[in-house]
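Structural overview for review
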Amino acid sequence: MNIMDFNVKKLAADAGTFLSRAVQFTEEKLGQAEKTELDAHLENLLSKAECTKIWTEKIMKQTEVLLQPNPNARIEEFVYEKLDRKAPSRVNNPELLGQYMIDAGTEFGPGTAYGNALIKCGETQKRIGTADRELIQTSALNFLTPLRNFIEGDYKTIAKERKLLQNKRLDLDAAKTRLKKAKAAETRSSQLNSARLEGDNIMSEQELRITQSEFDRQAEITRLLLEGISSTHAHHLRCLNDFVEAQMTYYAQCYQYMLDLQKQLGSFPSNYLCNNNQTSGTPVPSALSNVIGSSAVASTSGLVITSPSNFSDLKESSGNRKARVLYDYDAANSTELSLLADEVITVFSVVGMDSDWLMGERGNQKGKVPITYLELLN
């Protein structure tokens, strides 16, 4: 019975407090009651925390979209995470494309030019798929997880204490309102029931002191939590650096994989690489496509960039010319000569050589070089 009485009294007290807060909040909105304003420093901290929460959520969600564009896959991973179970491993798009290419190349025959090229491309796509998987895992661990921990942990604590502060402020302002009304009533009835009114006045003042103390204490707790946002920013900055490094590693790997693939495909005989009206047997660097494809002669830094006709003239003659190397080139086999950008070598033609190659000579070193990596000098 005593426990029941206690529960009923507590319920009644809670209901009374809730009603008092609701009345105070409504009167403030209607401009019928005064509102205790927070100090400027605390208001700035609250604004900074709210801003941090909003942008952290946006960055986190968009990063998830970047790493996993498939919304169904994201939902599946979310469900498994909430169930505290590991999501099943799935083949990503580059790996799937790579497997298709390898299977097709095997079907067409590894000994054929197309089949061999498909297999090489497929192997490269699978390497890119592995790098993509590593990027997702690293980014999720070092970037997304800390951001999510802030939203689901630290900020929830801040929001809880902020709500408590709001309630303590409503209690404080309600106590101020009651004291103000008690003093007004005491002034109007200084003779009638003066003892009772004075007692109500004393009780209101005691209540005000208690609510003021509770409000000040909660304001200090909230302020201490909010000042930790600066540390959160510093931590997220380190996480952002980790994310950038993971992306740098990923793109560097992909670039190297594609560069190696380009060299492997460039080592194929030119008649296999010809397509319709194209005659180039070696992939042309994109930065040079406009220069090499032009029939005009352009001057750069005092040097002359030659058109294909100049190379044709060289092939028809028995002489040699100096040429500047435009890009680094790694020899695909022992018959080729590795090149370094900006070095000058001697080139000449050999009877029976593919139209897209010349013989290059540097000191005692000699080997085939692709003409698309060269610029003849006058």
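**Side note on helix H4 (residues 93–108)**
Given a rise of 1.5 Å per residue, 16 residues ought to cover 22 Å, and the 22 Å separating the end C-alpha atoms of H4 matches this to within 8%. For H4, the set of buried residues is Pro94, Glu95, Gly98, Ile102 and Gly105. Relative to the axis of H4, the buried residues are bounded by an arc of 95 degrees and lie together on one face. With respect to the buried face of H4, the exposed residues turned more than 90 degrees away are Asn93, Tyr100 and Glu107. For H4, the N-terminal cap is Asn92; the gap from its side-chain oxygen to the backbone nitrogen of Glu95 is 3.0 Å. Two residues or fewer past H4, Gly109 is found with a positive phi of approximately 110 degrees.

**Quick word on the packing of helix H2 (residues 40–67) against helix H7 (residues 229–266)**
Each pair of packed helices can be described by the angle between their axes along with the distance between the axes. Where H2 contacts H7, the two axes come as close as 12 Å, and the packing angle between them is 15 degrees. Classed by the angle they form, the pair H2 and H7 counts as roughly parallel. The interaxial crossing formed by H2 with H7 has left-handed handedness. Residue-level contacts link Lys48, Ala49, Thr52, Thr56, Thr63 and Leu66 of H2 to Ile229, Ser230, His233, His236, Phe243 and Gln247 of H7. Class assignment of the residues belonging to the contact of H2 with H7 gives a composition of four nonpolar, seven polar and one charged.

**Describing the packing of aromatic side chains**
Counting across every chain of the model gives five aromatic pairs. Between the NZ or CZ atom of Lys58 and the centre of the ring of Trp55, over which it lies, the distance is 4.5 Å. Over the ring of Trp357 we find Lys368; its NZ or CZ atom is 5.1 Å from the centre of that ring.

**Observations concerning the nonpolar core**
In this structure, Leu42, Ala49, Phe150, Leu165, Leu208, Leu226 and Ile229 are the most contacted members of the largest nonpolar core, which totals 17 residues. Only H2, helix H5 (113–188) and helix H6 (194–226) provide two or more residues apiece to this core. Looking at this core, the element that brings in the most residues is H5, giving eight residues. When near neighbours in sequence (up to four residues on either side) are disregarded, Ala49 contacts Tyr155, Leu226 and Ile229.

**Structural notes on the sheet that holds strand E5 (residues 357–362)**
In spatial order, the strands read E6-E5-E4-E3-E7; together these five strands make up an open sheet with antiparallel pairing. Taken across any chain shown, the strands that pair with only one partner, and hence form the sheet edges, are strand E6 (365–370) and strand E7 (374–376). If you compare each strand with its neighbour and ignore which way they point, the axes differ by 40 degrees on average. Direction of pairing for strand E3 (residues 320–325) relative to strand E4 (residues 344–348): antiparallel, over a ladder of five bridges. Paired with Ala323 across the strands is Ile345, a residue of E4.

**Looking at the side chain of Gln125**
As for its placement among the helices and strands, Gln125 is situated in helix H5. Among all residues touching Gln125, those that are not within four sequence positions of it are Pro94, Glu95, Leu97, Gly98 and Met101.

**Re H7**
Along its 38 residues, H7 runs 54 Å from first to last C-alpha, staying within 8% of the 56 Å computed at 1.5 Å per residue. Those residues of H7 lying buried are Ile229, Thr232, His236, Cys239, Phe243, Ala246, Gln247, Tyr250, Cys254, Leu261, Lys263 and Gly266.

**What to know about the confidence of the model for the protein chain**
Any segment with low pLDDT has predicted coordinates that should not be analysed in fine detail. Considering every residue of the protein chain, the mean pLDDT works out to 80; 76% of them sit at 70 or more. Every residue in residues 270–307 scores below 50 in pLDDT, and together they form 60 contacts with partners more than four places removed in sequence or on other chains.

**Quick look at a nonpolar patch on the surface**
Residues Leu237, Leu240, Val244 and Met248 make up a contiguous nonpolar surface patch of roughly 360 Å² in combined accessible area. Along the chain, Met248 turns up in helix H7. Relative accessible area serves as the criterion here: at 55%, Met248 is assigned to the exposed category.

**What to know about the side chain of Thr36**
Topologically, Thr36 is positioned in the loop between helix H1 (2–29) and H2. Exposure remark for Thr36: the relative accessible area of 14% places this residue in the buried category. Of the polar contacts made by the side chain of Thr36, one reaches the side chain of Asp173; its length is 2.3 Å. At a separation of 3.0 Å, a polar atom in the side chain of Thr36 contacts the side chain of Lys176.

Cut-offs and rules
- Residues numbered from 1 in each chain as written.
- Predicted model: local features only at pLDDT ≥ 70, side-chain atom pairs only at ≥ 80, totals over all residues.
- Heavy atoms only, no water.
- Helix = DSSP H or I, 4+ residues; strand = E, 2+ residues; numbered from the N terminus.
- Expected span 1.5 Å × (residues − 1).
- Buried < 20%, exposed > 50% of the residue type's maximum accessible area, 1.4 Å probe, protein only.
- Arc of directions from axis to C-beta.
- Polar contact = N/O pair within 3.5 Å; in protein donor to acceptor, adjacent residues only side chain to side chain.
- Axes fitted to C-alpha atoms, helices over the stretch in contact; angles between N-to-C directions.
- Parallel < 35°, antiparallel > 145°, perpendicular 65-115°, else oblique.
- Left-handed = near helix turned anticlockwise from the far one by under 90°.
- Contact = heavy atoms within 4.5 Å.
- Nonpolar A, V, L, I, M, F, W, Y, C, P; charged D, E, K, R; others polar.
- Phe/Tyr/Trp six-rings, centres within 6.5 Å; stacked < 30°, edge-to-face > 60°.
- Lys NZ or Arg CZ within 6 Å of the ring centre and 35° of its normal.
- Core = buried A, V, L, I, M, F, W, Y, C linked by side-chain atoms within 4.5 Å.
- Pairing = 2+ DSSP bridges.
- pLDDT = per-residue confidence, 0-100.
- Patch = residues over 30% accessible without salt bridge, like charges linked within 9 Å, V, L, I, M, F, W, Y side chains within 5 Å.
- Areas by Shrake-Rupley, 256 points an atom, 1.4 Å probe, with all protein chains shown as cover.
- Salt bridge = Lys/Arg side-chain N within 4 Å of Asp/Glu carboxyl O.

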